[in-house]
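The chain contents come next:
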Amino acid sequence: VTFEDDDSIRLVLEYTSRHPNLIQFFCKQMVENLDENADINPERLVEPGDIRELYNYQYDNYIVNDFYMFYHDLDELEKLTIILLYEAASERSGFSLHLLNNLLKKCGVDLSESRLHKTLQKLVLRFVLIDMGKGIYRFALPHFPEMLGSRVEPPLKSSLIQRVKEGRYAQSV
(Lines give C-alpha, C1' and ligand atoms only; values in the text may rest on other atoms or scores of the structure.)
Protein backbone atom coordinates (compact mmCIF):
# COMPACT_ATOMS: atom_id res chain seq x y z
CA VAL A 1 0.00 0.00 0.00
CA THR A 2 1.31 3.42 -0.94
CA PHE A 3 -0.10 6.72 0.23
CA GLU A 4 -0.32 9.48 -2.35
CA ASP A 5 0.81 12.05 0.22
CA ASP A 6 1.14 12.68 3.93
CA ASP A 7 -2.34 14.24 4.00
CA SER A 8 -3.83 10.76 3.63
CA ILE A 9 -1.96 9.54 6.68
CA ARG A 10 -2.90 12.65 8.67
CA LEU A 11 -6.55 12.10 7.73
CA VAL A 12 -6.48 8.53 9.07
CA LEU A 13 -4.93 9.78 12.31
CA GLU A 14 -7.54 12.54 12.56
CA TYR A 15 -10.50 10.19 12.04
CA THR A 16 -9.15 7.68 14.57
CA SER A 17 -7.69 10.12 17.12
CA ARG A 18 -4.64 7.83 16.98
CA HIS A 19 -6.42 5.08 18.92
CA PRO A 20 -4.77 1.73 17.98
CA ASN A 21 -8.02 -0.21 17.69
CA LEU A 22 -9.59 2.43 15.46
CA ILE A 23 -6.48 2.70 13.28
CA GLN A 24 -6.57 -1.08 12.91
CA PHE A 25 -10.26 -1.08 11.92
CA PHE A 26 -9.80 1.83 9.54
CA CYS A 27 -6.73 0.31 7.84
CA LYS A 28 -8.41 -3.09 7.58
CA GLN A 29 -11.29 -1.46 5.71
CA MET A 30 -8.83 0.42 3.51
CA VAL A 31 -6.94 -2.78 2.55
CA GLU A 32 -10.22 -4.60 1.85
CA ASN A 33 -11.28 -1.77 -0.47
CA LEU A 34 -7.92 -1.90 -2.23
CA ASP A 35 -8.31 -5.67 -2.67
CA GLU A 36 -11.81 -5.23 -4.11
CA ASN A 37 -10.56 -2.59 -6.56
CA ALA A 38 -7.26 -4.26 -7.48
CA ASP A 39 -8.17 -4.22 -11.18
CA ILE A 40 -8.81 -0.44 -11.08
CA ASN A 41 -5.93 0.42 -8.74
CA PRO A 42 -3.18 -2.22 -9.18
CA GLU A 43 -0.60 0.11 -7.61
CA ARG A 44 -2.66 0.09 -4.38
CA LEU A 45 -2.27 3.87 -4.14
CA VAL A 46 -4.33 5.50 -1.38
CA GLU A 47 -5.53 9.06 -1.98
CA PRO A 48 -7.22 11.40 0.51
CA GLY A 49 -10.55 10.79 -1.26
CA ASP A 50 -10.22 7.08 -0.53
CA ILE A 51 -9.78 7.86 3.15
CA ARG A 52 -12.83 10.15 3.20
CA GLU A 53 -14.83 7.38 1.52
CA LEU A 54 -13.92 4.99 4.32
CA TYR A 55 -15.19 7.45 6.88
CA ASN A 56 -18.75 6.43 6.30
CA TYR A 57 -21.74 4.76 7.86
CA GLN A 58 -19.86 1.47 8.41
CA TYR A 59 -17.15 3.24 10.41
CA ASP A 60 -19.83 5.20 12.29
CA ASN A 61 -21.61 1.95 13.17
CA TYR A 62 -18.37 0.41 14.35
CA ILE A 63 -17.68 3.40 16.62
CA VAL A 64 -21.16 3.61 18.14
CA ASN A 65 -22.10 -0.07 18.33
CA ASP A 66 -18.86 -2.03 18.62
CA PHE A 67 -16.15 0.28 19.94
CA TYR A 68 -18.18 2.31 22.44
CA MET A 69 -21.05 -0.21 22.63
CA PHE A 70 -23.22 2.84 23.29
CA TYR A 71 -26.54 1.01 23.33
CA HIS A 72 -25.41 -2.20 25.03
CA ASP A 73 -22.65 -1.47 27.53
CA LEU A 74 -23.02 2.05 28.89
CA ASP A 75 -25.39 2.74 31.77
CA GLU A 76 -28.21 5.28 31.59
CA LEU A 77 -26.30 8.08 33.31
CA GLU A 78 -23.32 7.60 30.99
CA LYS A 79 -25.59 7.67 27.93
CA LEU A 80 -27.46 10.72 29.18
CA THR A 81 -24.16 12.46 29.95
CA ILE A 82 -22.94 11.80 26.42
CA ILE A 83 -26.19 13.05 24.87
CA LEU A 84 -26.21 16.22 26.96
CA LEU A 85 -22.55 16.93 26.20
CA TYR A 86 -23.19 16.20 22.53
CA GLU A 87 -26.00 18.77 22.51
CA ALA A 88 -23.68 21.29 24.17
CA ALA A 89 -20.74 20.38 21.89
CA SER A 90 -21.56 22.89 19.16
CA GLU A 91 -21.20 25.71 21.67
CA ARG A 92 -18.05 24.52 23.47
CA SER A 93 -14.61 23.04 22.97
CA GLY A 94 -14.55 21.54 26.45
CA PHE A 95 -16.85 20.42 29.24
CA SER A 96 -16.64 20.57 32.99
CA LEU A 97 -18.32 18.79 35.85
CA HIS A 98 -20.05 22.08 36.63
CA LEU A 99 -21.48 22.26 33.10
CA LEU A 100 -22.68 18.65 33.29
CA ASN A 101 -24.31 19.33 36.63
CA ASN A 102 -26.13 22.38 35.18
CA LEU A 103 -27.27 20.43 32.11
CA LEU A 104 -28.65 17.65 34.30
CA LYS A 105 -30.40 20.12 36.62
CA LYS A 106 -32.13 21.66 33.58
CA CYS A 107 -33.53 18.16 32.96
CA GLY A 108 -34.69 17.90 36.57
CA VAL A 109 -31.86 15.57 37.62
CA ASP A 110 -29.91 16.39 40.78
CA LEU A 111 -26.98 14.08 41.53
CA SER A 112 -23.94 14.45 43.76
CA GLU A 113 -20.76 15.83 42.25
CA SER A 114 -18.94 12.66 43.26
CA ARG A 115 -21.40 10.57 41.22
CA LEU A 116 -20.95 12.87 38.22
CA HIS A 117 -17.17 12.83 38.60
CA LYS A 118 -17.23 9.02 38.65
CA THR A 119 -19.34 9.02 35.47
CA LEU A 120 -16.93 11.37 33.71
CA GLN A 121 -13.97 9.23 34.77
CA LYS A 122 -15.67 6.08 33.44
CA LEU A 123 -16.20 7.85 30.11
CA VAL A 124 -12.51 8.79 30.07
CA LEU A 125 -11.57 5.15 30.66
CA ARG A 126 -13.86 4.13 27.79
CA PHE A 127 -12.13 6.70 25.49
CA VAL A 128 -15.41 8.57 25.01
CA LEU A 129 -13.93 11.64 26.70
CA ILE A 130 -10.41 12.91 27.26
CA ASP A 131 -9.46 14.65 30.50
CA MET A 132 -7.72 17.83 29.38
CA GLY A 133 -6.68 18.72 32.93
CA LYS A 134 -7.99 21.38 35.29
CA GLY A 135 -11.44 19.74 35.25
CA ILE A 136 -12.01 20.14 31.52
CA TYR A 137 -13.06 17.26 29.25
CA ARG A 138 -13.64 16.91 25.53
CA PHE A 139 -14.80 14.15 23.21
CA ALA A 140 -11.94 11.76 22.43
CA LEU A 141 -13.10 11.40 18.84
CA PRO A 142 -13.95 14.86 17.49
CA HIS A 143 -16.36 13.29 14.97
CA PHE A 144 -18.26 11.24 17.57
CA PRO A 145 -20.89 13.92 18.33
CA GLU A 146 -21.98 14.05 14.68
CA MET A 147 -22.00 10.23 14.49
CA LEU A 148 -24.21 10.06 17.53
CA GLY A 149 -26.39 12.95 16.44
CA SER A 150 -27.75 10.99 13.50
CA ARG A 151 -28.79 8.13 15.80
CA VAL A 152 -30.21 9.67 18.95
CA GLU A 153 -33.97 10.10 18.88
CA PRO A 154 -35.76 12.40 21.36
CA PRO A 155 -37.60 9.46 23.01
CA LEU A 156 -34.24 7.95 24.05
CA LYS A 157 -33.19 11.13 25.83
CA SER A 158 -36.59 11.41 27.57
CA SER A 159 -36.43 7.77 28.64
CA LEU A 160 -32.90 8.21 30.00
CA ILE A 161 -33.89 11.34 31.93
CA GLN A 162 -36.84 9.54 33.50
CA ARG A 163 -34.78 6.49 34.48
CA VAL A 164 -31.99 8.62 35.98
CA LYS A 165 -34.57 10.67 37.94
CA GLU A 166 -35.91 7.39 39.32
CA GLY A 167 -32.40 6.36 40.34
CA ARG A 168 -32.25 3.55 37.78
CA TYR A 169 -29.12 4.74 36.02
CA ALA A 170 -27.02 1.63 36.46
CA GLN A 171 -29.22 -0.41 34.11
CA SER A 172 -29.17 -0.37 30.34
CA VAL A 173 -32.12 0.74 28.20
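Our structure's up above, just so we're on the same page.
Residues numbered from 1 in each chain as written. Predicted model: local features only at pLDDT ≥ 70, side-chain atom pairs only at ≥ 80, totals over all residues. Heavy atoms only, no water.

**Some remarks on the environment of Leu148**
For clarity, the cut-off: Secondary structure follows DSSP: runs of H or I at least 4 residues long count as helices, runs of E at least 2 residues long count as strands, and numbering of each begins at the N terminus. Note on exposure labels: buried denotes an accessible area under 20% of the residue type's maximum, exposed denotes more than 50%, and partly exposed covers the range between, all computed with a 1.4 Å probe on protein chains only. We call two residues in contact whenever any of their non-hydrogen atoms come within 4.5 Å of each other.
With respect to the secondary-structure elements, Leu148 resides in helix H8 (residues 144-149). For Leu148, a relative accessible area of 0% translates into the label buried. It is 22 Å that separates the C-alpha atoms of Leu148 and Met132, two residues lying 16 residues apart in sequence. Leu148 has contacts with Phe70 and Ile82, leaving out every residue within four places of it along the chain.

**Quick look at the pattern of salt bridges**
Stated formally: The working definition used for a salt bridge is a side-chain nitrogen of Lys or Arg within 4 Å of a carboxyl oxygen of Asp or Glu.
Under the defined criterion, the tally for this structure stands at nine salt bridges. Here Arg163 and Glu76 are joined by a salt bridge, their closest N and O atoms 2.9 Å apart. Separated by 87 residues along the polypeptide, Arg163 in helix H9 (residues 154-165) and Glu76 in helix H5 (residues 76-89) bring together distant segments of the chain. For the pair shown, Arg163 and Glu76 are each scored as buried. Salt bridges sharing partners connect three or more residues here, namely Asp75, Glu78, Arg115 and Lys122.

**What about the packing of H5 against helix H7 (residues 113-125)?**
Selection criterion: All axes here are fitted lines through C-alpha atoms, helices being fitted over the stretch that makes contact, and every angle between N-to-C directions spans 0 to 180 degrees. These descriptions rest on fixed angle ranges, namely under 35 degrees for roughly parallel, over 145 for roughly antiparallel, 65 to 115 for roughly perpendicular, and the rest for oblique. Three classes are used, and their members are as follows: Ala, Val, Leu, Ile, Met, Phe, Trp, Tyr, Cys and Pro are nonpolar, Asp, Glu, Lys and Arg are charged, and the others, Gly among them, are polar.
Axis separation between H5 and H7 bottoms out at 10 Å; the angle between their running directions is 80 degrees. Considered as vectors, H5 and H7 are oriented roughly perpendicular to each other. Side by side, H5 and H7 meet where Leu77, Glu78, Thr81, Ile82 and Leu85 of the first sit next to Arg115, Thr119, Leu120, Lys122 and Leu123 of the second. Residue composition of the contact of H5 with H7, grouped by class: five nonpolar, two polar and three charged.

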